[in-house]
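# Notes for the structure review
Single-letter residue listing:
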Amino acid sequence: MSHDTAWTFCQICRAECGMIADLKDGRVVTVEGDPEDQWSRGKLCVKGRNSPRIMYAKDRLRYPLLRKRRTGEFQRASWEEAIDFIATRIEATKERYGPQALVFYEGTTARVLDEMVLRRLARLIGTPNVTRTWSVCVGPKIVAYGNTFGRPLMPWCDLKNTRYIILWGANPPVTHFHRHLGITADIMAAWKKGAKLVVVDPRLTPMAAKANSYLQIRPGTDLALALGMIHHIILNDLHDEDFVAAHTIGFDELAEHITPYTPQWAERITDIPADSIEQVAEGFALSRPASLERRQGVQHSARATQTLRAMAILMAITGNVDVKGGLMLTPYRPLRSLPVPDELPRLSRSFWHDHFPLAKDASALLPEAILNETPYPLHGLIVIEGNPLSCFPNTRKVRRALAKLDLVVVHDLFMNDTAQLADVVLPACTFLEKGEISVQSLRQDHPVRTRLPVVEPLGEALPEWKFLCLLGRKLGYGEYFPFAGDQELIDAVLERAGWTGHEAAVATTPGRVLETGFTTASGKIELYSRPLQELGHDPLPTAPMDWPDDIAYPQYLITGARVPHFYHSQHRNIPTLRKAHPLPLAELSQVRASEIGVADGEEVTIKTRVGTAVFKAKVTEAIHPGTVSIPHGWAGEHNANWLIDDLCCDPVAGAPRYRDMGCVVEKL
Ligand code: SF4
C-alpha cells in the first residue's frame, strides 16, 4: 500500500486556500489546511474539508452523454463522438448564422488555464460572446472604482491599521471564508485596539451583533445612505480640505449636487434615523484613518455602480485613499491572452455591448438576447463549470431561452439542472484532478502559485481546457492547441505573462499613488466622472428625490445570503454538506410574520413581478421588518431566480437585482 502527501490549493471557491492532501494507493483519503498559507493559515472551510467526498461522490459524471434524438434520453458516448457532434453543430451554426451566434459561458469555478484556452478558441472561431460572472461578481465595483481612481488597480481596505470601519453589505466570516479570514482577523485586531465598527446590513449578521453601531438598512437603498453621509460631511466641513484640493477634481460640483440629499431625506428612504446617519458620517470623517469595506450586498441592486461611486467618494473626501489604515490601491498583475493570428477578421459586437458598453460581460442579458434575437440570433451555448438555469435571473425565461437553442453543451462535475436540458453533457474534473495557476486575484497582494493534479481524473473526466483543446483541434485549429498536459499549458501561460510561477506578493506602499498620480485622465481622483457622463450616465452619484416605491410589491426580497456549506448552486448533492441545510428557508421578520399570521416552519408564498415561489418560513428578529431573505443556488421549485427580474439590472455594469426586488409575502 503506497502512502503519500501532496500540496495543492483548493479551488472550490475563489479563496484558493492552501491544502495538503493525504493519499493512499492513488486515492485522496483526507485533506487538511496548509499552515504555511499566509491567508488561510492552516484552515479549510467545511466544503474544502469535504473535497474528497465531492470528488468521489457516487453521482459524479464519469463519461460523456449525448441526448438521443428520438427518445430525448441521454446515452453514453465516447469523447470522440461527443466532440464530433459538437464540432459539427458549431460548423453548421457558423455557416448559417455567423460565428457570433455561438456563446461560451464560464461559471465561477473556471480559472486561468480554462480561461486562456477558451478565449483563444472563441477568438479563432470568431465569436465575441464569452461571458463569465464579471457583472455579477465585480462589475459595478470595477466600473465605479475604475472611474474614480483609475485602473488597473486592486482596491482594498487596510483594516488592521484603521480607526473606524464601516462594514457595508458584507459578511466576511461566512463569505469566501478563508479569503475573509484575514479580513475578519484584521477587523477584530483593529477593534481590539479601539477602532469603532459599524455594520450596515438588512440582516443582523454575527458581525453586526458585535458592532459598536448597527444600521439596519432597507434593501437597495445604500445609495441614499451614502449620499446622506456625503451631504453631512460636506455641509459641516468635515471633509479633508487639503487632500481634496491636492488629489481630487470635481469637489465644487459634488458640493452643489449633494445639497438636497439631507440625512432626513435619507432617513425616509433607508429607514435609518437621520441622527444615526449623522453620527456615522461624523465618526467616519473625523476618525482618520477610516475604511469602508463593502461587498456583494451593495453590488446586486438597481443602482449598484452609482452606490459604489458614492462609497469611493466617501473615502476620497475624507482623505482616506492611499494612506495606512484607509483604501489601498495595489497595481494589478496583468495576465496576457495566448496569441492568435493577426489577420483574423474583426469581431462583431457582443450581445450585451449596446446595453452595457462598459461591461466585460452581462450574462443576465443572455436569455433576452436569445429569445428576442437582439442584436442578432444566438444559436449555440457551451457552458463550462456553470449553471445558468440556477444562477441567471428569471428562471422561466432562462428555460425558454435554453429550449430555443440548437446546441447546449454542459461540462460539469454533476448533472446540474442546466445539464438536464443540454444536448451534450461532459464529465469535468475537480481541482484535485487538474493543474492550475493561481493569480490570487482576490487577495490584495496577488502572489502567483502553480499546482499540478494530485490524482488522475475519475472515469473519463477531463479538465475543461482539455475538452476545449480537443474541440479546437477538431475545428481545424490544431496548431493553437498543442498542449498535452497541465505542465505544458502552465508553462505556455507563464511564458506569455513573463512570469516564473513563484511571483511574490505585490507590495503596496501607502502614498505611492498620491505621489505618482492616479491613472485617471486627469491624474487625480475624479469625484465628477466625465467618462461616465460621455456614456450617458450620471457623472456624480444621483438618486431620485422621490425614491420609487413599488406599491404592488411593497416588501423587499434579498437573495443570496451565503452559508458555508454550499458554493452557489453546488454541493446540495453531498450528504455531509446537505445535512446542515436540508431545505432552503425564507427568513422573515417577526413583524411581518404576525401581520400575515405565519409561524416558524409554516409555508409562505413570495410573489414578485416575474414569478412566485413557496418556502418554509424562518421567523426571526434579526432582519429588517419589511424584508424577506431567501438563499440562492437551489434547484427546481426553490430556485430563488424564479423571483428575480432579468431586465431590471444596474444600468451601468449590468449586475442583476438579486438583493432589492419588490415582493409580496403571504401565508400559503
Ligand atoms: S474557503 Fe473553503 S471552499 Fe473556498 S478555497 Fe478555502 S477551503 Fe476551499
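These lines cover the structure that appears in this document, whether it is placed above or below. Since the model is a prediction, treat every value here as computed from it, not as a measurement. (Residues numbered from 1 in each chain as written. Predicted model: local features only at pLDDT ≥ 70, side-chain atom pairs only at ≥ 80, totals over all residues.)

The end-to-end C-alpha separation of helix 3 (residues 79-97) is 26 Å, in line with the 27 Å expected for 19 residues at 1.5 Å each. Within helix 3, the full set of buried residues consists of Ala 82, Ile 83, Ile 86, Ile 90 and Thr 93. Taken around the axis of helix 3, the buried residues stretch over an arc of 95°, which confines them to a single face. Every exposed residue of helix 3 that faces more than 90 degrees away from the buried side is listed here: Glu 80, Thr 88, Glu 95 and Arg 96. Remark: Gly 98 follows helix 3 within two positions and exhibits a positive phi of approximately 95°. (Helix = DSSP H or I, 4+ residues; strand = E, 2+ residues; numbered from the N terminus. Expected span 1.5 Å × (residues − 1). Buried ≥ 20, exposed ≤ 12 C-beta atoms within 10 Å, placed from the backbone. Arc of directions from axis to C-beta.)

What follows deals with the environment of Pro 273. With respect to the helices and strands, the residue Pro 273 is situated in the loop between helix 12 (263-270) and helix 13 (274-286). Owing to 14 C-beta atoms within 10 Å, Pro 273 belongs among the partly exposed residues under this scheme. For the pair formed by Pro 273 and Asn 641, sequence separation is 368 residues and the distance between their alpha carbons is 32 Å.

Taken in spatial order, the three strands make up an open sheet running 1-2-3, and their pairing is antiparallel. The outermost strands of the open sheet, each flanked by one partner alone, are strand 1 (3-9) and strand 3 (27-33). Strand-to-strand twist across the sheet, computed as the mean angle between neighbouring axes with direction ignored, equals 25°. Where strand 1 lies against strand 2 (residues 18-24), seven bridges are found, and the strand directions are antiparallel. By the bridge assignment, Thr 8 is partnered in strand 2 with Met 19. (Pairing = 2+ DSSP bridges. Axes fitted to C-alpha atoms, helices over the stretch in contact; angles between N-to-C directions.)

Residue Pro 289 is bonded to the preceding Arg 288 through a cis peptide linkage, with omega at 0°. Its location among the elements puts Pro 289 in the loop between helix 13 and strand 13 (290-294). The residue after Thr 374, namely Pro 375, is reached through a cis peptide bond having omega 0°.

What follows covers the nonpolar core. Core analysis: the largest hydrophobic core is formed by 153 residues, its most contacted members being Ile 165, Leu 227, Met 229, Ile 230, Leu 314 and Val 409. The element contributing the most residues to this core is helix 14 (residues 304-317), with 10 residues. When sequence neighbours within four positions are dropped, the list of residues in contact with Ile 165 reads Leu 159, Ile 187, Ala 190, Ala 195, Leu 197, Val 198, Ser 291 and Glu 293. Residues Leu 588, Val 598, Ala 617 and Cys 663 belong to the second largest nonpolar core, which totals 25 residues. (Core = buried A, V, L, I, M, F, W, Y, C linked by C-beta atoms within 7 Å. Contact = placed C-beta atoms within 7 Å.)

In this section: helix 17 (residues 395-404). Every buried residue of helix 17 is accounted for by Thr 395, Lys 397, Val 398, Ala 401 and Leu 402. Viewed along the axis of helix 17, the buried residues span an arc of 155°, placing them on a single side of the element. Elements in contact with the buried residues of helix 17: helix 15 (366-372), helix 16 (388-391) and strand 16 (407-412).

Quick look at the pairing of strand 21 (residues 555-559) now. Of all five residues making up strand 21, five are buried, and the element is well covered by its neighbours. Going residue by residue along strand 21, you find Gln 555, Leu 557 and Thr 559 tucked away on one face and Tyr 556 and Ile 558 tucked away on the opposite face as well. By the bridge criterion, three bridges tie strand 21 to strand 26 (residues 661-667) in an arrangement that is antiparallel. Of the residues in strand 26, the one forming a bridge with Leu 557 is Met 661.

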